[in-house]
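# Secondary and tertiary structure notes
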Amino acid sequence: MKIAIISDIHSNLEAFNAVLRDIGEVECVLCVGDLVGYGPDPNKVIELLKILGIKSVMGNHDYATITNSAQIFNEIAAEAIYWSHRTITEENMKLLASLPEHMLVEFDNLSLYLVHGSPRDPLNEYVIPNTPDELLLQFLSQTNTNCLIMGHTHLPFYIDFKEKNTGIVLNPGSVGQPRDHDPRASYCIIDYDEDEKVTVTLKRVDYDIKKVSEKIRKAGLPEFLAERLFHGR
Ligand SMILES: [Mn+2]
């Protein structure tokens, strides 16, 4: 059984579509938040998520967009938050507001805990790839599951603590604004076989960055948000 994990789409429809095409046949697709912010297509991204029945938790940009409050963001991110708040339809805003802070998803003996930031700070804590194992194991045990999935940093990583018989901690990276100097859209596949063996594969997909950058300029969003996509930062 295959499960696809996506995160941080950030209103980038071209990247989202490219990832969905690459995913192909899976049991389900789950999202770790930040559907909107930065990019030019918040409504289309929310509507596609709804049509495909993709479950998601809430991200800090989703929360800031709903509440129209971006004081904690830098000027460029804040501008995109206010723009998104003005642009998103009432119906789509309702869906955004209904996203849970965290989510527990279970398949047979595989249980997944999804949260945008961290289990102790669901919206805002950055759990970066070189976080000490002790803290990751502490988070994992706090969730009472065998797979902790976080987003927010836009930096993909996974660690398998199977030698400690505890589980997996992973971040699928960002679909719509990767920041690890690889501009391709990032996501991951969890493969769970009959012997209950879990395999995680981090994936990258090319998409039409030029098209998105032109849409960003046309929408009147900050130029930096268009430029950064080409460099994956
Ligand atoms: Mn994000």
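First, a word on what this report is: a plain description of the structure on this page.

The rules behind each value
- Residues numbered from 1 in each chain as written.
- Predicted model: local features only at pLDDT ≥ 70, side-chain atom pairs only at ≥ 80, totals over all residues.
- Heavy atoms only, no water.
- Pairing = 2+ DSSP bridges.
- Helix = DSSP H or I, 4+ residues; strand = E, 2+ residues; numbered from the N terminus.
- Contact = heavy atoms within 4.5 Å.
- Axes fitted to C-alpha atoms, helices over the stretch in contact; angles between N-to-C directions.
- Parallel < 35°, antiparallel > 145°, perpendicular 65-115°, else oblique.
- Left-handed = near helix turned anticlockwise from the far one by under 90°.
- Nonpolar A, V, L, I, M, F, W, Y, C, P; charged D, E, K, R; others polar.
- Buried < 20%, exposed > 50% of the residue type's maximum accessible area, 1.4 Å probe, protein only.
- Right-handed = clockwise from strand over helix to strand, strands pointing away.
- Salt bridge = Lys/Arg side-chain N within 4 Å of Asp/Glu carboxyl O.
- Phe/Tyr/Trp six-rings, centres within 6.5 Å; stacked < 30°, edge-to-face > 60°.
- Lys NZ or Arg CZ within 6 Å of the ring centre and 35° of its normal.
- Core = buried A, V, L, I, M, F, W, Y, C linked by side-chain atoms within 4.5 Å.

All right, on to the sheet that holds strand β2 (residues 28-31) then. Taken in spatial order, the five strands of this open sheet run β3-β2-β1-β9-β10, and their pairing is mixed. Because the sheet does not close on itself, it has two edges, and the strands there are β3 (55-56) and β10 (198-205). Sheet analysis places strand β1 (residues 2-6) next to β2, joined by four bridges and oriented parallel. Each residue of the ladder has a partner; that of Ile5, found in β2, is Leu30. Sheet strands in contact with helix α1 (residues 13-23) are β1, β2, β9 (185-192) and β10, and its direction is about 25 degrees off that of β9.

Two elements in contact, helix α3 (residues 60-67) and helix α4 (residues 75-87), have axes whose closest approach is 8 Å; the angle formed by their N-to-C orientations is 55 degrees. Of the possible angle classes, the one that applies to α3 and α4 is oblique. Every pair of crossing elements has a handedness; the one defined by α3 and α4 is right-handed. The segment α3 lies against α4, with His61, Ala64, Thr65 and Ile66 engaging Ala77, Ile81, Ser84 and His85. Its residues assigned to classes, the contact of α3 with α4 shows four nonpolar, four polar and no charged.

Quick look at the sheet that holds strand β7 (residues 157-160) now. Ordered in space as β4-β5-β6-β8-β7, the five strands form an open sheet in which the pairing is mixed. Single-partner strands in this sheet number two, and they are β4 (102-107) and β7. Strand-to-strand twist across the sheet, computed as the mean angle between neighbouring axes with direction ignored, equals 15 degrees. The sheet contacts of helix α6 (residues 133-143) involve β5 (110-115), β6 (147-150), β7 and β8 (168-171), and relative to β6 the element is tilted by about 110 degrees.

Attention shifts here to the pairing of β2. Burial along β2 is two-sided: the residues Cys28 and Leu30 and Val29 and Cys31 are all buried. Taking the sense of rotation as the criterion, the β-α-β connection linking β1, α1 and β2 turns out right-handed. Pairing analysis gives two bridges linking β2 to β3, with the strands arranged parallel. Across the sheet, the residue bridging to Cys31 is Ser56, located in β3. The β-α-β motif built from β2, the intervening helix α2 (residues 42-51) and the parallel element β3 has right-handed crossover chirality.

The subject of this paragraph is the pattern of salt bridges. Applying the stated criterion across every chain yields a total of eleven salt bridges. For Lys211, the salt bridge is made with Glu14, and the minimal N-O distance between the two is 3.9 Å. Of this pair, Lys211 sits in helix α7 (residues 209-218) while Glu14 sits in helix α1, and the two are 197 residues apart along the sequence. The exposure class assigned to Glu14 is buried, which follows from its relative accessible area of 11%. The salt bridge partner of Glu91 is Lys50, with a shortest N-O separation of 3.2 Å. A residue pair is termed long-range when its members are at least 10 positions apart, and Glu91 in helix α5 (residues 90-97) and Lys50 in helix α2 qualify at 41 residues. Owing to a relative accessible area of 55%, Glu91 belongs among the exposed residues under this scheme. Using a relative accessible area of 38% as the deciding quantity, one classes Lys50 as partly exposed. The structure contains a network of salt bridges with shared partners spanning Glu14, Asp41, Lys211 and Lys215.

To continue, consider the packing of aromatic side chains. Two measures describe an aromatic ring pair: the distance that separates the ring centres and the angle between the ring planes. In this structure the tally under the stated criterion is zero aromatic pairs. The lysine or arginine in question, Arg228, covers the ring of Tyr38, its NZ or CZ lying 5.6 Å from the ring centre.

This paragraph deals with the side chain of His61. Looking at the secondary structure, you find His61 in helix α3. Non-local contacts of His61, meaning those with residues more than four positions away in its chain, are made with His10, Asp34, Val36, Gly37, Tyr38, Phe73, Ala77 and Ile81.

A word on the nonpolar core. With 48 residues, the main nonpolar core has Ile6, Ile9 and Phe16 as its most contacted residues. Not counting residues within four places of it along the chain, the set of residues in contact with Ile6 comprises Phe16, Val19, Ile23, Val29, Leu30, Cys31, Val32, Ile54, Pro172, Val175 and Tyr187. Core analysis: the second largest hydrophobic core is formed by 20 residues, Leu30, Val57, Leu110 and Ile190 among them.

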